[in-house]
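Survey of secondary and tertiary structure
Residue strings, one per chain:
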Amino acid sequence: MCIRDRYMGSDSTAISLMESKAKTLQKLVSKKEKGSQDLKSIIHFIKNNNLRYPELVLDCSLQLFAEYPSSMGHEYHIILEELVNAAIESDFLDIAKRGIKSLTVKFGRDNIKVAKLAANYFESNGEENEASRLHDKLSALNKLDLKIQKRKLAFMKTRGTAQEYIEGLNNLLKDNMNDTETWLELGLVYLNNLSWSRALYSYEQVILITPSLLYAYVRIAEILYTLGSSENLYQARNYLCYAIIHDQEITRALWTLFAVCRAIERSGRSDNKNSYLLQLCQKRLKLYYEKSKSSTLLDNYSFD
């Protein structure tokens, strides 16, 4: 399991589930002779399990339209939509354009799904003005659709200024105060712009909404460490201890805790707990790198 997975609160159950999905998909794909039902099963399995295999979806969809067009029945336009999404993500924009044209003829350009596909196509094709116009239109017509609002913000992030993006995130949070993902993104943007107090507030909101998200505790501790002062250092130490109690192999938390405890030691306000934590960090870090067969990384590092 990667470090970020641990931060984000994934567990062995989630990993087992992903492995199970991958095995199931492999069985579907490995079949030598695939009929129309086999191809549709692969497409639906990827869609229903929120997996990302755009090239596989594209291949299966094109084969369906080329060899079994009459077999799709009422699923024709559902599969065509998946084809367009996969083509955009795989950068086969000519295929995507033809698919969007066919869907527009069937459902009209004001259909929400068609408009979303068109906006994504224009964005990928570098037609920023058209993409912006459609994102604004979709956002105005679907103010309660969080996915549409976030898609507009993602577009704004790459095209607008940092201040515009921050304003957009804050506006989104006015109607979605419990959206952990948006608070995390806002905290990161504030960090990148060195707005420490605002970043701190954002991550504090995260742990109020999702107390199990260890990543946020580590971020808060890092900000407090950066701000300095004895009070902040002691608070940072507490946050890091909480994270490590719940996952003893978060190396980033261990390294940060070691740095925080050293800072407390240098300030002349160390205590028995601080000395114990310094030793604990050294022990856990050495053990972690030995287990991962990367102990040589510490050869030139001194904990003193």
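The shown structure was predicted, so the numbers you read here are calculated from the model rather than taken from an experiment.

1. Some words on the layout of surface pockets
Looking at the largest pocket, its volume works out to about 1500 Å³. Residue lining of the largest pocket: 38 residues in total, with Asn-85, Lys-116, Asn-120, Lys-147 and Arg-151 positioned closest to the centre. Looking at the lining of the largest pocket, the elements with two or more residues in it are helix H3 (36-48), helix H4 (54-67), helix H5 (76-89), helix H7 (112-124), helix H8 (128-141), helix H9 (146-159), helix H10 (162-175) and helix H11 (180-192). Ranked by the residues each element gives to the lining of the largest pocket, the list is headed by H9, at 8 residues. The residue inventory of the lining of the largest pocket, partitioned by class, reads 17 nonpolar, 6 polar and 15 charged. In this structure, the second largest pocket encloses a volume near 340 Å³. Along the walls of the second largest pocket sit 16 residues, with Ile-100, Thr-104, Arg-109, Ala-118 and Phe-122 positioned nearest its centre. Of all elements in the fold, only helix H6 (93-107), H7 and H8 reach the threshold of two or more residues within the lining of the second largest pocket. Examining the composition of the lining of the second largest pocket, we find that 5 residues originate from one element, H7, more than from any other.

2. Here we look at the packing of aromatic side chains
Inspection of every chain in the model, using the stated rule, returns 7 aromatic pairs. Measuring from ring centre to ring centre gives 5.1 Å for Phe-65 and Tyr-76, while their planes differ by 90 degrees; the resulting arrangement is edge-to-face. Taken as a pair, Phe-65 in helix H4 and Tyr-76 in helix H5 lie far apart in primary sequence, 11 residues in all. Ring plane angle 75 degrees and centroid distance 6.4 Å describe the contact between Tyr-203 and Tyr-215, whose orientation is recorded as edge-to-face. Here Tyr-203 is found in helix H12 (residues 196-209), whereas its partner Tyr-215 is found in helix H13 (residues 214-227), with 12 residues between them in sequence. Judged by relative accessible area, Tyr-203 falls into the buried class, the value being 0%. Ring-pair connections join several aromatic residues into one group, and the members of that group are Tyr-217, Tyr-239 and Tyr-242.

Conventions we followed
Residues numbered from 1 in each chain as written. Predicted model: local features only at pLDDT ≥ 70, side-chain atom pairs only at ≥ 80, totals over all residues. Heavy atoms only, no water. 1 Å grid on protein atoms, 1.4 Å probe; cavity = no way out; pocket = protein on both sides within 12 Å on 5 of 7 lines; lining within 4 Å. Points joined across faces, edges and corners; volume = space filled by probe spheres on them. Helix = DSSP H or I, 4+ residues; strand = E, 2+ residues; numbered from the N terminus. Nonpolar A, V, L, I, M, F, W, Y, C, P; charged D, E, K, R; others polar. Phe/Tyr/Trp six-rings, centres within 6.5 Å; stacked < 30°, edge-to-face > 60°. Buried < 20%, exposed > 50% of the residue type's maximum accessible area, 1.4 Å probe, protein only.

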